[in-house]
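Structural characterization, general
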Amino acid sequence: MSDLAEKIRNSRRLEITVGKMKFFGRRATTAEYYKMLRQQAEDVEVVKMLVDGWENVQESDLFEGSSDKKIPFDKEIFCEAIEDLPKIWKPIVEKIVESTSEHMKKKEEDEKNLKAGSKQAS
């Protein structure tokens, strides 16, 4: 893996705090963003696709009647549990959407500035 590819991936990274828990993931790429719009992706599906880690999550955060034991991140456990936890996935998806929207706005502004600069140079 090249250093530049790693830098690009790292530029998309997000850390999202929900209560005492931290979730790690990334914003959607531009291609993913447009694909999700076309397919009208559901919020929970977006979260399941883009979250890849957590800290300070206990069994009791995931389902009632379980222990307070902290558990390591596991994608299967996350995807299974998150379906029943809108109090967790809603703030996560809000942060993902916010980050992706900011990225898209910046790209649009950069394109406008580039076009405006090329017209002035003519």
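Preceding block: the structure.
The structure presented is a predicted model; accordingly, all values stated were derived computationally and were not measured. (Residues numbered from 1 in each chain as written. Predicted model: local features only at pLDDT ≥ 70, side-chain atom pairs only at ≥ 80, totals over all residues. Heavy atoms only, no water.)

**A word on unusual backbone geometry**
- Positive phi outside glycine occurs at Gln-40, with the angle close to 50°.
- By secondary structure assignment, the location of Gln-40 is in the loop between α2 (30-39) and α3 (43-50).
- You will see that Asn-56, though not glycine, has its phi angle at about 60°, which is positive.
- If you trace the backbone, Asn-56 turns up in the loop between β3 (51-55) and α4 (59-62). (Helix = DSSP H or I, 4+ residues; strand = E, 2+ residues; numbered from the N terminus.)

**Focus: the sheet that holds strand β2 (residues 21-26)**
- Ordered by their spatial adjacency, three strands build an open sheet running β1-β2-β3, and the pairing between neighbours is antiparallel. Each edge of the sheet is formed by a strand with only one pairing partner; in this case those strands are β1 (13-18) and β3. On average, each strand axis in the sheet is tilted by 25° relative to the strand beside it, whichever way the strands run.
- Pairing geometry for β2 and β3, over four bridges, is antiparallel. The residue bridging Gly-25 from the neighbouring strand is Val-51, located in β3.
- Strand contacts of α3: β2 and β3, with the helix running at about 80° to β3, the strand carrying the most contacts. (Pairing = 2+ DSSP bridges. Axes fitted to C-alpha atoms, helices over the stretch in contact; angles between N-to-C directions. Contact = heavy atoms within 4.5 Å.)

**A closer look at the pattern of salt bridges**
- Scanning the model with the defined rule gives nine salt bridges in all.
- The partner of Asp-52 in a salt bridge is Arg-13, with the nearest N and O atoms 2.8 Å apart. A residue pair is termed long-range when its members are at least 10 positions apart, and Asp-52 in strand β3 and Arg-13 in strand β1 qualify at 39 residues.
- Taking relative accessible area as the criterion, Asp-52 reaches 41% and is therefore assigned partly exposed.
- Of the charged contacts, one joins Glu-45 and Lys-48 as a salt bridge, the two residues approaching to 3.6 Å between their closest N and O atoms. Of this pair, Glu-45 and Lys-48 both sit in helix α3, three residues apart, roughly one helical turn.
- Classification of Lys-48 as buried rests on a relative accessible area of 17%.
- Salt bridges sharing partners connect three or more residues here, namely Glu-45, Lys-48 and Glu-83. (Salt bridge = Lys/Arg side-chain N within 4 Å of Asp/Glu carboxyl O. Buried < 20%, exposed > 50% of the residue type's maximum accessible area, 1.4 Å probe, protein only.)

**A closer look at the layout of surface pockets**
- By volume, the largest pocket amounts to about 200 Å³.
- In this structure, the largest pocket is lined by 13 residues; those nearest its centre are Tyr-33, Met-36, Leu-37, Val-46 and Val-97.
- Every element with two or more residues in the lining of the largest pocket is listed here: α2, α3 and α6 (86-121).
- Element by element, the count of residues in the lining of the largest pocket is highest for α6, at five residues. (1 Å grid on protein atoms, 1.4 Å probe; cavity = no way out; pocket = protein on both sides within 12 Å on 5 of 7 lines; lining within 4 Å. Points joined across faces, edges and corners; volume = space filled by probe spheres on them.)

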